[in-house]
Amino acid sequence: MTDLVQTLIDGLGRGSIYALLALGIALIFGVMHLLNFAHGETVTVGAYIAYASLVEMELSWWVTAILIFFGAIAISVVIEFVAFRWVRGAEDFTMLLTSFGVVFVVQAFFVMYAGATVRSFPRPEWADRVWQVGDLNVGVIDVVTIGATAISLAVTAYVLRRTMFGTSLRAAAEDFDAARLMGVRSNRVIRQAFIVAGALAGVAAVFYLMRTGQARPVVGLAPMLKGILAAIVGGLGSLSGAVLGGFVLGITEVVLRAWLPEYLVGLTDAVVFAFIGLFFVFRPQGLIPVEAGERV
Amino acid sequence: MLQINNLTTRYGAIAALRGVSLSVEAEEIVGLIGPNGAGKTTLLNSVAGLLRPAEGDIYLNGERVAGSSPDAMLRLGLALVPEHRRLFSQMSVAENLKIGGVSVGAKERAQLMDECVDLFPVLGRKWETRAGFLSGGEAQQLAVARALMSNPRIILMDEPSLGLAPMLVDLIFDLVDRLRREGKTLLVVEQNATRLLQVADRAYVLRTHEIVAQGRASDLLQRDDLFDVFVGRPRGEGDD
Amino acid sequence: MRSLLAGRVGSQVVGSLALFLILVLGGLLYASVGSVTRDILVTQMLINAMMVVGIQLFIGNTGILSFGHIGFAGIAGYTFVLLAMSTEWKERVLPNAPLGLVDISLHPFGATAVAMIVTLLVAVLLGFGLVRSGARSGAVAATVITLALLFVVHEVGTVYADLTGGRNGISLSIGVLLEGRTWVYVALFASILGSRLFKSSRVGRLAQAARDDDLAARSVGIDPAPGQMIALLLSVAIVSVAACLRVFELGTVAPSTFFFDYTLLTLVMIIVGGRKSITGSLLGVVVFTAVNELTRSLAGSGSGAGPLDLVLREGLTDIVLGAAMVGFMIFRPNGLIEDRELDDWVRTRLRRQEPRPAAPGPAPAPALATLRATDVVVDFGGFRALDRADLEASNQHIVGIIGPNGAGKTTLLNVVTGLIRPDEGSVTLKDRSIAGVEPFSIARAGLARTFQTMRLFPSLTVRENVAVASLSVRAHREDGGGPSVDELIAHAGLWELRDRRARELDYGNARRLELARAAALTPVFMLLDEPTSGMSDTESLAMIDEVRRMAECVGAGVVVIDHDLGFITGICDTIHCFDQGTVISTGTPAEIQADPAVQAAYLGVTAEA
């Protein structure tokens, strides 16, 4: 039983990060029908901000976290403005490749100006602490991550449901042209979607980086892929599905890590990817079919 | 108020409108009738900004607006109730109305929402219901109410009675009449030509992408060759 | 005509040879003027060219975006190394390799063959999902499956060090070195030829039609899956051999050899050159090999040349590649060459001398066949689109369907052609039930249709548009009769335009093409959905004759939906008027026009009536 609870907390801790990333990806997909591979670059940017802030400027993690948060929003908006805005309404093929290309541009930028080698930065000293709660060993970082994620999701839910801005976003995601007919400005609502997605990714990046403590140009790839898989597993049309997908992915990861034989543990990620890939091989429409809605 | 000159809009390779001209004066109800595929929806969509015309001009209150975006048209006081309504089915009645008022301030929005409930009591009863679960008649009322939320001066309606039972059709046409009495201007596309002609001031007949007849609604209604105008064959011509 | 589509093997060989020689001679010229490194560069370029040809074969012909072909390459590359490495070297480098691999050492040919087979097996498994991803789920499934492959291969390569040497990979020592480029030449030429033969083959054309418009392809009897699977297997075969060559040439294999960087490079080459064109992709290879070299040498010379130093650094290559990808997607998504091949214009010129075929006579009167829909009910959520709709049509007559918007006319057509499964009711053709049958089977059974929104295959020529319909049917029918593709094209008045791409046609000709394509199925019935939409009165009246002639020369019955009553009354023997999902009136054109129920349906009923 304690094992179960521990696994759950562990899994939710990791899953929180994926959930936040997945939600951002689902949001952008909702308004633009674009699968944003470049979403993980928010983490990459965050990583270098962390390095600059913690190592070069020796600021505290509090300040760093705030910088990462705003950095994520900034890069998200810039990418939309420079690249995605120009392929709006294009076919899937075009948008996928655009997003793919953007990843490389951002990565290569960091290779050029920060070098390809790993740069470590100090992790918060409480990050490795473990609380003893009865029989449980609860990682502090997990608790903090889950807490912050819960708050972020609550805030996002509030914004989406209760504010005019959030309502416009949801309307645009459901029927973009009808939203324009109501007076919603297309450029604005898409930019807003990227801001929200960037903010969510910023929170995710903070906790991801607290765990890993490393900056490399390719650091954004793995979280991006997990975010995308989580969003897809949850059904790309659904925001709550994306969040759920993220948590499920996190828990699956932890369970697999515990369950797999010793020599396969390093392949946990591969097993998860393989499993999802095979799932789509046998059921290309996914869990919840994405509405293609062709007019004949 | 609304002046359309020689409008030509292409839809892919198809010329969905060829040199169409029409006008709508303030506080008039103008009807647009004609068989399907004639281009009526294309015309409304071109005016509302969803389609960009290839040739011709559109003037709203003297200002040239052809090619403007839909949200710009809305802010100029022109609202469209689209074909098939296009409600946000995942959102509640209240939220649909809220979105309709996205372009006005919060206070005005609240006021307009109250007015909508007065006009359409059934919406008040179904305030939190998701729009996707409304019946046809309720949905149509919501669609019109939503358009009213931007406080428009001119309202374009695309087939408001489509798919509605006769009793609800009456409701819709009463509504159209009432809106005019409240000072709105309306351009209504309808399949149910007879009913529309009974309530409109003037009307145009659009067939195969061109205007083939126009005039006072009552005059058109009197024409005993209206069906032939619709189908495009002079009366008496032999078949096959 | 058959030879046209069977690929005229000879002309393809010549074309391939031309491409091959241009590439190779250009490379040799470049290498001859420089150092050994240039030599190596050219070899690498030729191997990359082969890899690109392989990937392009799949992406270009099917339109499915695969991020994972480099994953296939990774599987092949590692398999090759594990099998070809000498046992002594293996004992040193991979002492704990599983499956007794330490003791196996094959000749490079054998190793390549096994690598190809292993990779093909994986391709079959993944292909099962890839080819069914189609139009319904968009690119999502393909993206997930192929990305997963890429990642899994990378992860396994990085983690399973006993097998793969881990992150640093394996350096080779193979008994036979890759000396000289003979095998590279042979393999490259074979790949180019293979790809061109596939592109111009029957299977290839059918796949391209499905790529252009999946729904339309199914409606002319094409099942996209087999063609896509074949494309995948061919492409993976080429890619796997290229991977073996790459590894052989590099002398090392590591997870990073076959991961994102290489994926980006190969994709950019294809995209910029033109993903539907082999010539284009090869052009992309040349361009980006040059770009790669340029940026690498510039970056390498980072010896503090002032402001330029900020730009000329490691990573420059990837930025250029990424920017090129994004730039082309924004400005020129079809690439530099779009879909033409090097020798297209030569062949077109040669064909210009073909004589125009004579008009086909009317087909012999067909045996009586009936299309019957009975009590069909279709519910869309809460909305009843068809409410006990009936339709009976014999192939001896022309039947029309009219009615106001939302009456259910197109829905009925969709049910009959298999796009929608009815909730109740039956649909039979020649007394055999076809309700719920796959659209491509229904097309092969003899129901051809056109679309309201007009769906042609835009990048295929007029001739190819008609030919794919004919091909998809001929394999499945015993009676090989009916007019030929050329005769149909001439009959439709499109002979002069026969080699033009469908997307270049003006509206009237496009409609005629759609009609000819439907006729090419030598169908029992032609089902036309608003064929006069977008036409003026004169054009609609001209359509009467055109539809009649097409139907007569293949002996098909006609069911036509339209709003233009001038057209409908001019062409139909019987007309059904629909309203609110069911038939409200049936009769001859005269009867229908005089029927007050029909008038009411169109004009609406007054409040009092």
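(A) Region of interest: the domain arrangement of chain C. Residues and elements named next belong to chain C. The domain boundaries assigned to chain C delineate domain 1 (2–259) and domain 2 (370–603). Summarising the inter-unit geometry, the C-alpha centres of domain 1 and domain 2 are found 44 Å apart. Each partner contributes to the interface: domain 1 provides 16 residues, whereas domain 2 provides 20 residues. Every element with two or more residues in the side of domain 1 that touches domain 2 is listed here: α10 (202–212) and α11 (214–219). Examining the composition of the side of domain 1 that touches domain 2, we find that six residues originate from one element, α10, more than from any other. Tallied by class, the residues present in the side of domain 1 that touches domain 2 amount to seven nonpolar, three polar and six charged.

(B) Looking closely at the sheet that holds strand β3 (residues 370–380) of chain C. Residue and element names in this part refer to chain C. Taken in spatial order, the four strands line up as β4-β3-β6-β7 in an open sheet, and their pairing is antiparallel. At either end of the open sheet lies a strand with only one pairing partner, and these are β4 (383–394) and β7 (432–433). Pairing geometry for strand β6 (residues 424–429) and β7, over two bridges, is antiparallel. From the neighbouring strand, Leu-429 faces β7, where its bridge partner is Arg-432. Across the sheet, helix α18 (residues 409–416) lies against β3, β4 and β6, angled at about 115° from β3, the strand it touches most.

(C) Summary view of helix α4 (residues 106–119) of chain B. All names here are of chain B. Here α4 contains 14 residues, and its C-alpha end-to-end distance of 20 Å stays within 8% of the 20 Å for a straight helix at 1.5 Å per residue. Every buried residue belonging to α4 is among Arg-109, Met-113 and Cys-116, and all of these are buried. In a view along the axis of α4, the buried residues occupy a sector of 60°, so they form one face of it. For α4, exposure combined with an orientation more than 90 degrees from the buried face picks out Lys-107, Ala-110, Asp-114 and Asp-118. Close packing links the buried residues of α4 with α3 (93–100), α5 (121–125) and α6 (136–148).

(D) Geometry of helix α22 (residues 507–519) of chain C. All names here are of chain C. Between its first and last C-alpha atoms α22 spans 19 Å; for 13 residues at 1.5 Å apiece the expected length is 18 Å, and the two agree. For α22, the tally of buried residues reaches ten of 13 residues, placing the bulk of the element in the interior. For α22, the secondary structure elements touched by its buried residues are β8 (447–449), α20 (462–474), α21 (485–491), β9 (525–529) and α23 (537–554).

(E) Structural context of the interface of chain C and chain A. Counting residues at the interface gives 48 residues for chain C, matched by 44 residues for chain A. For the side of chain C that touches chain A, the elements supplying multiple residues, two or more each, are α6 (108–133), α7 (140–159), α13 (260–273), α16 (316–331) and α18 of chain C. For the side of chain C that touches chain A, the element with the most residues is α7(C), which contributes 13 residues. Across the side of chain C that touches chain A, the residue classes break down as 32 nonpolar, ten polar and six charged.

(F) Layout of the interface of chain B and chain A. Each side of the interface is counted separately: chain B has 20 residues, and chain A has 15 residues. Residues that form the side of chain B that touches chain A fall into these classes: ten nonpolar, five polar and five charged.

(G) Summary view of the sheet that holds strand β12 (residues 582–587) of chain C. Residue and element names in this part refer to chain C. Read across the open sheet, the six strands follow the order β8-β9-β10-β5-β11-β12; overall the sheet is mixed. Of all strands in the sheet, those bounded by a partner on one side alone are β8 and β12. Sheet twist, expressed as the average angle between the axes of neighbouring strands with direction ignored, equals 20°. In terms of strand pairing, strand β5 (residues 398–402) meets strand β11 (residues 574–579) through four bridges, oriented parallel. Looking at β11, one finds that Gly-400 is bridged to Ile-575. The strands that α18 touches are β5, β8, β9, β10 (557–561) and β11; relative to β9, the one it contacts most, it runs at about 145°.

Basis of the calculations
Residues numbered from 1 in each chain as written. Chains lettered and ligands numbered in written order. Predicted model: local features only at pLDDT ≥ 70, side-chain atom pairs only at ≥ 80, totals over all residues. Domains from an automatic or database assignment. Contact = placed C-beta atoms within 7 Å. Helix = DSSP H or I, 4+ residues; strand = E, 2+ residues; numbered from the N terminus. Nonpolar A, V, L, I, M, F, W, Y, C, P; charged D, E, K, R; others polar. Pairing = 2+ DSSP bridges. Axes fitted to C-alpha atoms, helices over the stretch in contact; angles between N-to-C directions. Expected span 1.5 Å × (residues − 1). Buried ≥ 20, exposed ≤ 12 C-beta atoms within 10 Å, placed from the backbone. Arc of directions from axis to C-beta.

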